[in-house]
Amino acid sequence: MNSKFLGTGVALVTPFNSDLSVDHRALANIVNFNIDHGVEYLVICGTTGESVTLTKQEKKEVVETISNANNGRVPMVLGIGGNNTSQVIEEIKNTDLSDIDAILSVSPYYSKPTQEGIYQHFKAISEVSPVDIMLYNVPGRTSKNMEPETTIRLAQDFKNIIAVKEAGNNVSQYLELIRNKPEDFLIISGDDDLALSVVLAGGAGVISVIGQGFPKAFSDMIRLGLKGAPKEAYELHFKLMDVIGYIFEENNPAGIKSVFEALNLCGDTVRLPLVPASNALKEKIKTFIKEF
């Protein structure tokens, strides 16, 4: 089993200065904050990183900053996906992946392909990728569910497809994947609220949004789950439960950026069409952090 992706990966934000440029100093601080507090790996330029609003050059610079701050301490996963298969292939071919351990590739959004279309899309990506691939199923954003049969078929047919980040918030789908997956294939939770339950059922861990704001508590919780210590793990889960709800109340990553603002790690600036969290939500988050 690919043990470097067991445990907690964090879907890093991209901090912005008030003029909307990337705040590289804050980004490096967030990387150190997470590694120092025990997360197992970093996920770069995913949805939470507002990757759709970053230019090619900015993405490159973000990867460089994270790579330099990480300095080889933990594995790194880079988001490269989309609904134009040939464009995704071009991006994989033209990206320097020498520091990258795997790519996270979202199931095609907006176009609503059939299951066969999803399969052929990932088959084409698998055939060109020089690094391992994590599939990413997030039907709430793509408007099309990648069915468990499709995921398992890809897992069986392509050696470099090593995991799925499953974020359908659907317990029975998680259980079906865990039951039917090839032995060394990883089922990774993309739902912070279900992550512990998924791990206790046989999942490999989580790619988390809230984990980067509370890296010690969250990664401890997942490690306890992986060790089969549900009582202690759920104690941590119950402590974090409210804030997991808060950060997704308005939009992601405005919520998690409000957590970082309260922790003095970065500002709350997001790029349109996203807007910062409302004052009411910020107050709830601040109060939670004080009491936590």
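Refer to the structure printed above.
I will try to describe carefully the structure that is included in this document. (Residues numbered from 1 in each chain as written. Predicted model: local features only at pLDDT ≥ 70, side-chain atom pairs only at ≥ 80, totals over all residues. Heavy atoms only, no water.)

Before going further, it helps to spend a moment on the packing of helix α11 (residues 254-262) against helix α12 (residues 279-291). Running from amino to carboxyl end, α11 crosses α12 at an angle of 50 degrees, the nearest separation of the two axes being 9 Å. Judged on the interaxial angle alone, α12 and α11 are oblique. Note that α11 runs across α12; the crossing there is right-handed. Judged by residue contacts, G255, S258, V259, E261 and A262 of α11 engage K282, I285, K286 and I289 from α12. Its residues assigned to classes, the contact of α11 with α12 comprises four nonpolar, two polar and three charged. (Axes fitted to C-alpha atoms, helices over the stretch in contact; angles between N-to-C directions. Helix = DSSP H or I, 4+ residues; strand = E, 2+ residues; numbered from the N terminus. Parallel < 35°, antiparallel > 145°, perpendicular 65-115°, else oblique. Left-handed = near helix turned anticlockwise from the far one by under 90°. Contact = heavy atoms within 4.5 Å. Nonpolar A, V, L, I, M, F, W, Y, C, P; charged D, E, K, R; others polar.)

In terms of burial, strand β6 (residues 161-166) is largely enclosed, as six of its six residues are buried. Bridge count for strand β5 (residues 132-137) against β6 is five bridges, and the pairing is parallel. Paired with N137 across the strands is E166, a residue of β6. The pairing of β6 with strand β7 (residues 186-189) spans four bridges and is parallel. Counted as the bridge partner of E166 is S189 from β7. (Buried < 20%, exposed > 50% of the residue type's maximum accessible area, 1.4 Å probe, protein only. Pairing = 2+ DSSP bridges.)

This structure, assessed with the given rule, holds 15 salt bridges. For K257, the salt bridge is made with E50, and the minimal N-O distance between the two is 2.7 Å. Taken together, the positions of K257 in helix α11 and E50 in the loop between β2 (41-44) and α2 (56-70) put the pair 207 residues apart, joining distant regions of the chain. Among the residues examined, K257 registers a relative accessible area of 0% and is labelled buried. Salt bridges linked by common partners bring E40, K216, D220 and R223 together as one network. (Salt bridge = Lys/Arg side-chain N within 4 Å of Asp/Glu carboxyl O.)

Strand order around the closed barrel formed by eight strands is β1-β2-β3-β4-β5-β6-β7-β8, with parallel pairing between neighbours. Shown here is a sheet whose adjacent strand axes are inclined to one another by a mean of 25 degrees, direction ignored. On the sheet, α2 packs against β2 and β3 (76-79) and is oriented at approximately 170 degrees with respect to β2. Packed on one face of the sheet, helix α4 (residues 115-128) meets β4 (102-106), β5 and β6 and runs near 160 degrees to β4.

For the rest of this paragraph, the subject is helix α10 (residues 230-247). When the terminal C-alpha atoms of α10 are compared, their 24 Å separation across 18 residues agrees well with the 26 Å that a helix rising 1.5 Å per residue should span. At L240, α10 shows its largest bend, some 45 degrees. In the core, the buried residues of α10 are packed alongside α8 (195-200), α9 (215-226), α11 and α12. (Expected span 1.5 Å × (residues − 1). Bend = angle between axes of the 7 residues up to and from the residue.)

What follows deals with the pairing of β2. Burial along β2 is two-sided: Y41 and V43 and L42 and I44, pointing in opposite directions, are all buried. As defined by bridge partners, strand β1 (residues 7-11) adjoins β2 across three bridges and the pair is classed as parallel. Its bridge partner lying in β2, A11 is registered against V43. Between the parallel elements β1 and β2, the chain passes through helix α1 (residues 24-36) in a crossover that is right-handed. Note: β2 against β3, three bridges, orientation parallel. Opposite V43, over in β3, you have V77 as the bridge partner. Since β2 and β3 lie parallel, the crossover through α2 that links them has a hand, and here it is right-handed. (Right-handed = clockwise from strand over helix to strand, strands pointing away.)

Now for a negative patch on the surface. A contiguous patch of negative charge on the surface is contributed by E61, E64, D96 and D99. Its location among the elements puts E64 in helix α2. Relative accessible area serves as the criterion here: at 42%, E64 is assigned to the partly exposed category. (Patch = residues over 30% accessible without salt bridge, like charges linked within 9 Å, V, L, I, M, F, W, Y side chains within 5 Å. Areas by Shrake-Rupley, 256 points an atom, 1.4 Å probe, with all protein chains shown as cover. Lys, Arg positive; Asp, Glu negative; His and termini not counted. Charge placed at Lys NZ, Arg CZ, Asp CG, Glu CD.)

A complete count under the given rule lists seven aromatic pairs for this structure. Geometrically, the ring pair formed by Y119 and F158 is tilted, given 5.9 Å between the ring centres and 45 degrees between the ring planes. Linking Y119 in helix α4 with F158 in the loop between α6 (148-157) and β6, this pair joins segments that are 39 residues apart in sequence. Across the pair, exposure class does not vary: Y119 and F158 are buried alike. Aromatic rings pair up to connect F214, Y246, F288 and F292 into one cluster. Here the guanidinium or amino end of R153 rests over the ring plane of Y119, the centre of that ring lying 3.4 Å away. (Phe/Tyr/Trp six-rings, centres within 6.5 Å; stacked < 30°, edge-to-face > 60°. Lys NZ or Arg CZ within 6 Å of the ring centre and 35° of its normal.)

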